[in-house]
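Analysis of the macromolecular model
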Amino acid sequence: GVIAVLNGPNLNLLGEREPHIYGAETLADVQERCRRAADAAGFAVECRQSNHEGALIDAVQELRHSAGFVVNLGAYTHTSIALRDALAAVSGPVIEVHISNVHARESFRHLSYVAPLATAVIAGCGTLGYEFAIATIAARVHLAGG
Ligand code: DQA
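This one's a predicted model, so the numbers in the text were calculated from it and none came from an experiment. Residue indices begin from 1 for each chain and proceed along its sequence in written order. It should be noted that, the model being predicted, local features are given only for residues of pLDDT at least 70 and side-chain atom pairs only at 80 or more, the latter also being counted only at that level, while totals for whole chains, interfaces and linings use all residues.

1. Re the packing of helix α2 (residues 27-40) against helix α5 (residues 128-143)
Just so we agree on the cut-off: In this description, a line fitted to the C-alpha atoms serves as the axis of each element, helices being fitted only across the stretch in contact, and the angle between N-to-C directions of two axes falls anywhere from 0 to 180 degrees. Strands here are runs of E lasting at least two residues and helices are runs of H or I lasting at least four, both read from the DSSP assignment and numbered beginning at the N terminus. Roughly parallel refers to an angle under 35 degrees, roughly antiparallel to one over 145, roughly perpendicular to one between 65 and 115, and oblique to any angle outside these ranges. Crossings are sorted by hand: turned counterclockwise from the far helix by less than a right angle, the near helix makes the crossing left-handed, and turned clockwise it makes it right-handed. By the criterion used throughout, residues are in contact when their C-beta atoms, derived from the backbone, lie within 7 Å. Note that Gly is not counted as nonpolar here; it falls among the polar residues with everything else outside the nonpolar set of Ala, Val, Leu, Ile, Met, Phe, Trp, Tyr, Cys and Pro and the charged set of Asp, Glu, Lys and Arg.
Across the interface, α2 lies against α5 with an axial gap of 9 Å and an inter-helix angle of 30°. It follows that α2 is roughly parallel to α5 by the angle criterion. The chirality of how α2 crosses α5 is right-handed. Along its contact with α2, which presents V30, R33, C34, A37 and A38, the element α5 presents Y130, E131, I134 and A135. Across the contact of α2 with α5, the residue classes tally to 7 nonpolar, no polar and 2 charged.

Shown next as structure tokens:
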């Protein structure tokens, strides 16, 4: 199966954007990390990043039959009902990832429109969170006999 890994706005600048918060790894590093983690669990990955809400919705729709979704929607996490609705229509588990611990930051980062429909929410583990998310999807798919 294929695990979709979706990154939202400003995550294309990982490595140079606020490195004291988001670390030194680039998006390409993160996507490679995901590819390896998925490969070890017997899955492929389809990685997408966009700064545009509509493009992210299109990606969710296109990939909706994936084995699962790993999503870091960046600031759209806290604002986008449309992305939440798109993710409500996918078939597999959705795991929400944040590199930083959003709950230890500004209050506007405490609300997530995605969390209520997510199987799990991982925040503050750095980019390792993406690997935990992939392992969680793999475990659930295997549990379900997939
Ligand atoms: C983020 C947290 C969001 O609040 C922020 O807007 C981001 C990155 C994270 O990975 O920690 O862009 O999703």
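2. Looking at the UniProt feature "binding site: substrate" (unreviewed entry) in the chain
Put simply, the rule reads: UniProt positions are given in the numbering used here, feature names are shortened, and annotations may be inferred rather than shown by experiment.
As recorded in UniProt, the feature "binding site: substrate" (unreviewed entry) lies at N72, H78, D85, I99, S100 and R109. An extended arrangement is adopted by the annotated residues: their sequence extent is 38 residues, and the largest C-alpha distance between any two is 24.2 Å. Structurally, D85 can be placed in helix α4 (residues 81-88). Tracing the backbone shows R109 in the loop between β4 (94-98) and β5 (120-123). The contact partners of R109, leaving out residues within four places of it in the chain, are H78 and V102.

3. Some remarks on the site of the ligand
Spelled out, the test is: For each residue, a C-beta atom is placed from the backbone, and the residue is labelled near a molecule or strand when this atom is within 6 Å of it.
In the vicinity of the ligand, the residues found are N10, N72, G74, A75, T77, H98, I99, S100, V102 and R109. A class-by-class count of the residues in the shell around the ligand yields 3 nonpolar, 6 polar and 1 charged.

4. Considerations on the nonpolar core
Going by this rule: Take the buried Ala, Val, Leu, Ile, Met, Phe, Trp, Tyr and Cys residues, join any whose C-beta atoms are within 7 Å, and the set you get is a nonpolar core. Here the C-beta atoms are placed from the backbone, and a residue counts as buried if at least 20 other C-beta atoms lie within 10 Å of its own, exposed if 12 or fewer do, and partly exposed otherwise.
Core analysis: the biggest nonpolar cluster contains 34 residues, and I3, V5, C34, V70, V71 and I134 have the highest contact counts within it. When contributions to this core are tallied by element, the ones reaching two or more residues are β1 (2-7), α2, β2 (44-49), α3 (53-62), β3 (68-72), α4, β4 and α5. Here the element with the most residues in this core is α5; it accounts for 5 residues.

5. Topic: the pairing of β2
Put simply, the rule reads: One bridge is not enough; two strands pair if DSSP finds at least two bridges between them.
Alternating positions in β2 separate cleanly, V45, C47 and Q49 being buried on one face and A44, E46 and R48 remaining unburied on the opposite face. Sheet analysis places β1 next to β2, joined by 6 bridges and oriented parallel. Its bridge partner being in β2, V5 is matched across the sheet by C47.

6. Overview of the sheet that holds β3
As summarised here, the arrangement of the 5 strands in space is β2-β1-β3-β4-β5, forming an open sheet in which the pairing is parallel. Looking at which strands have only one partner, the edges of the open sheet turn out to be β2 and β5. In this sheet, neighbouring strand axes are inclined to one another by 20° on average, regardless of whether the strands run parallel or antiparallel. Of the strands in this sheet, β1 and β2 are in contact with α2, which crosses β2 at around 160°. Along the sheet face, α5 touches β1, β3, β4 and β5 and points at about 170° away from the line of β4.

7. Brief notes about α2
The condition that has to hold: Expected helix span is given by 1.5 Å per residue-to-residue step, counting one fewer step than there are residues. Working note: the arc is built from the helix axis to C-beta atom directions.
Along its 14 residues, α2 runs 20 Å from first to last C-alpha, staying within 8% of the 20 Å computed at 1.5 Å per residue. Listing the buried residues of α2 in full gives V30, C34, A37 and A38. Looking straight down α2, one finds its buried side chains confined to an arc of 95°; they lie on one side. Exposed and oriented more than 90 degrees from the buried face of α2 are A28, D39 and A40. G42 occupies a position one or two residues after α2 and carries a positive phi of about 85°.

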